[in-house]
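Okay, here's what each chain looks like letter by letter:
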Amino acid sequence: MIEIKNLSKTYRAADGAVEALRDVSLTIPDGDIFGIIGMSGAGKSTLVRCINMLERPTGGSVVIDGVDMGGLSEKQLRRARREITMIFQGFNLLLQRTCLENVCFPLKLSGLAGERAWREKRALELLELVGLADKANAYPAQLSGGQQQRVAIARALATNPKVLLCDEATSALDPTTTASILELIRSINERTGITVIIITHQMSVVESVCRHVAILDGGRVAETGEVGEVFARPVSAAARRLVFPEGDAGAPIAAEDGERLIRVVFNGLKATGTPLIARMAVEKGIEANISYASTRSIDNKTYGSMLLGISGGEAAVREAIEYLTQSKDVLAQEVQIHD
């Protein structure tokens, strides 16, 4: 378990102090895929670098499996970082070394591995895991961005870590490649039980792979919880800005005369031949006017949100919410309309 307790980080600049993190507290269970999201400057990258002590916090603590990371010596930290590895937006591969040599590199540095043959065997197994065994002798410049990130993931797994930190690891990739990398991370998490922490500014990343999420705003935790719950019922202004790009949930929303609005959040609903809203009209006779929709399909599953205008009063709204939320991947609630 990772316990972040009252973490603060202040940088000294020529024009004064900059508080990057302010009293951040989070608990991340073993084996979780935990998303940390926020706008630029929210403190996300600083937080992830404090977890493995690449940045020393100004105050507070990071405790991993009962060990206070801030209390470790540099030698002890180097040993601990074998179990807390990291992948980045820029891949950070060694350009003059082959894919095989890149994956072997942390094994050689760690001192865990003995013979070269053993290291290469382990590296080939990891390249096979990420689907790139045939690229063992290729150089990074010969690979696509997605393939380079797969090599970076294989390298990060070389020392059998317990925690994988992903700092904007898909930001440089196109949507299709991003989806494939996230599916690979999900698969590795399921197969190995590794704890994954994903730092991102992209809602689609959190929606598609994370189980829990923390929303950072101005260096503070604005909100945290299960992804479905936070996205369906965001409490903080920062969460509402991220979750509902059509406008703050507390802002005025227009509806047709006599209609009441329902906000529907899709958190991985499996796509079927007939869309959910159309099925509701056919099966329940409840017709919905779509006032707003921002949805996307990833791996044949639907993510995003929409606003539905429902006529027929409270009974129709109640029946519509009951129908829509039969799936655990859909959350719905009535939205108050402000004059």
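Predicted model, so just to flag it, every value in this text is computed and none were measured.

Now for the overall build of the chain. Across its full length, the chain carries eleven helices and 14 strands. Within the chain, contacts between residues at least 6 apart in sequence are counted, and of these 67% link residues at least 24 apart. For the chain, the exposed area adds up to about 16100 Å²; of that, 47% sits on carbon and sulfur atoms. Separation of charge centres in the chain, based on 38 positive and 41 negative side chains, amounts to 10 Å.

We now examine the environment of Gln326. Within the secondary structure, Gln326 sits in the loop between α11 (313-324) and β14 (330-335). Gln326 gets classed as exposed once you look at its relative accessible area, which sits at 61%. From its side chain, Gln326 meets the backbone oxygen of Tyr323 in a polar contact 3.0 Å long.

Our next topic: the nonpolar core. If you look at the biggest cluster of nonpolar residues, it comprises 52 residues, and the most contacted ones within it are Ile153, Ile198 and Phe231. Apart from residues no more than four positions distant in its own chain, Ile153 is found in contact with Ile87, Val130, Ile181, Leu184, Ile185 and Ile188. Core analysis: the second largest hydrophobic core is formed by 29 residues, Leu21, Val24, Phe34 and Met69 among them.

Right, let's talk about the sheet that holds strand β4 (residues 59-64) for a bit. Hydrogen bonds along the backbone pair up the strands of a sheet, which may run parallel or antiparallel. Spatially, the four strands line up as an open sheet ordered β2-β1-β4-β5, and their pairing is antiparallel. Of all the strands in the sheet, the pair left with one neighbour each is β2 (16-28) and β5 (67-68).

This part covers the environment of Gln149. Topologically, Gln149 is positioned in helix α5 (residues 145-156). Setting aside its immediate chain neighbours within four residues, Gln149 contacts Ile87, Phe88, Gln89, Phe91, Ala169 and Ile181.

Looking now at the sheet that holds strand β3 (residues 33-37). Here we have six strands laid out as an open sheet, ordered β6-β7-β8-β3-β9-β10, and mixed in their pairing. Where the open sheet ends on each side, the last strands, each with one partner, are β6 (84-88) and β10 (220-226). Going from strand to strand, the sheet's axes swing by 15° on average, the running direction of each strand aside. Relative to β10, strand β9 (residues 212-217) is paired through six bridges, and the arrangement is antiparallel.

Attention shifts here to the confidence of the model for the chain. Residue-level pLDDT values for the chain average 86, and 92% of them are 70 or greater. Averaged over each element, pLDDT in the chain is lowest for strand β12 (residues 288-298) (77) and highest for β3 (95). Overall, residues 248-252 carries pLDDT values under 50, and its contacts beyond four positions in sequence, including any with other chains, amount to eight contacts.

In this structure, Arg155 sits in helix α5. The buried charged residue Arg155 lacks any salt bridge, with Glu101 as its nearest oppositely charged partner at 11 Å. Setting aside chain neighbours within four positions, we find Arg155 in contact with Phe91, Asn92, Leu93, Leu94, Asn102, Val103 and Pro106.

Where charged atoms of side chains with opposite charge meet at close range, the side chains can pair. Taken as a whole and assessed by the stated rule, the structure comprises 14 salt bridges. We note a salt bridge from Glu55 to Lys9, for which the minimum N-O separation is 3.8 Å. On the criterion of sequence distance, the pair formed by Glu55 in the loop between α1 (44-51) and β4 and Lys9 in strand β1 (residues 2-13) is long-range, its members being 46 residues apart. Residue Glu55 shares its accessibility class with Lys9, and that shared class is buried. Three or more residues joined by partner-sharing salt bridges are found here, namely Lys9, Arg49 and Glu55.

With that settled, consider the packing of helix α3 (residues 99-110) against helix α4 (residues 116-129). Interaxial distance between α3 and α4 falls to 9 Å at its minimum, and their mutual angle equals 120°. Relative to α4, the element α3 lies oblique. α3 and α4 meet at a crossing whose hand is right-handed. Here Cys99, Leu100, Val103, Cys104, Leu107 and Lys108 of α3 come into contact with α4, specifically with Trp118, Arg119, Glu120, Arg122, Ala123, Leu124, Leu126 and Leu127.

Our focus in this paragraph is α4. The end-to-end C-alpha distance of α4 is 20 Å, a good match for the 20 Å that 14 residues give at a rise of 1.5 Å each. Looking only at α4, the buried set comprises Arg119, Arg122, Ala123, Leu126 and Leu127. Seen from one end, α4 has its buried residues packed into an arc of 140°, which puts them on one side. For α4, the exposed residues lying more than 90 degrees away from the buried face are Ala117, Lys121 and Glu128. Where α4 is buried, its residues meet α3 and α5. Phi turns positive, to about 80°, at Gly131, one or two residues after α4.

Reading the values: the criteria
Residues numbered from 1 in each chain as written. Predicted model: local features only at pLDDT ≥ 70, side-chain atom pairs only at ≥ 80, totals over all residues. Heavy atoms only, no water. Helix = DSSP H or I, 4+ residues; strand = E, 2+ residues; numbered from the N terminus. Contact = heavy atoms within 4.5 Å. Areas by Shrake-Rupley, 256 points an atom, 1.4 Å probe, with all protein chains shown as cover. Lys, Arg positive; Asp, Glu negative; His and termini not counted. Charge placed at Lys NZ, Arg CZ, Asp CG, Glu CD. Buried < 20%, exposed > 50% of the residue type's maximum accessible area, 1.4 Å probe, protein only. Polar contact = N/O pair within 3.5 Å; in protein donor to acceptor, adjacent residues only side chain to side chain. Core = buried A, V, L, I, M, F, W, Y, C linked by side-chain atoms within 4.5 Å. Pairing = 2+ DSSP bridges. Axes fitted to C-alpha atoms, helices over the stretch in contact; angles between N-to-C directions. pLDDT = per-residue confidence, 0-100. Salt bridge = Lys/Arg side-chain N within 4 Å of Asp/Glu carboxyl O. Parallel < 35°, antiparallel > 145°, perpendicular 65-115°, else oblique. Left-handed = near helix turned anticlockwise from the far one by under 90°. Expected span 1.5 Å × (residues − 1). Arc of directions from axis to C-beta.

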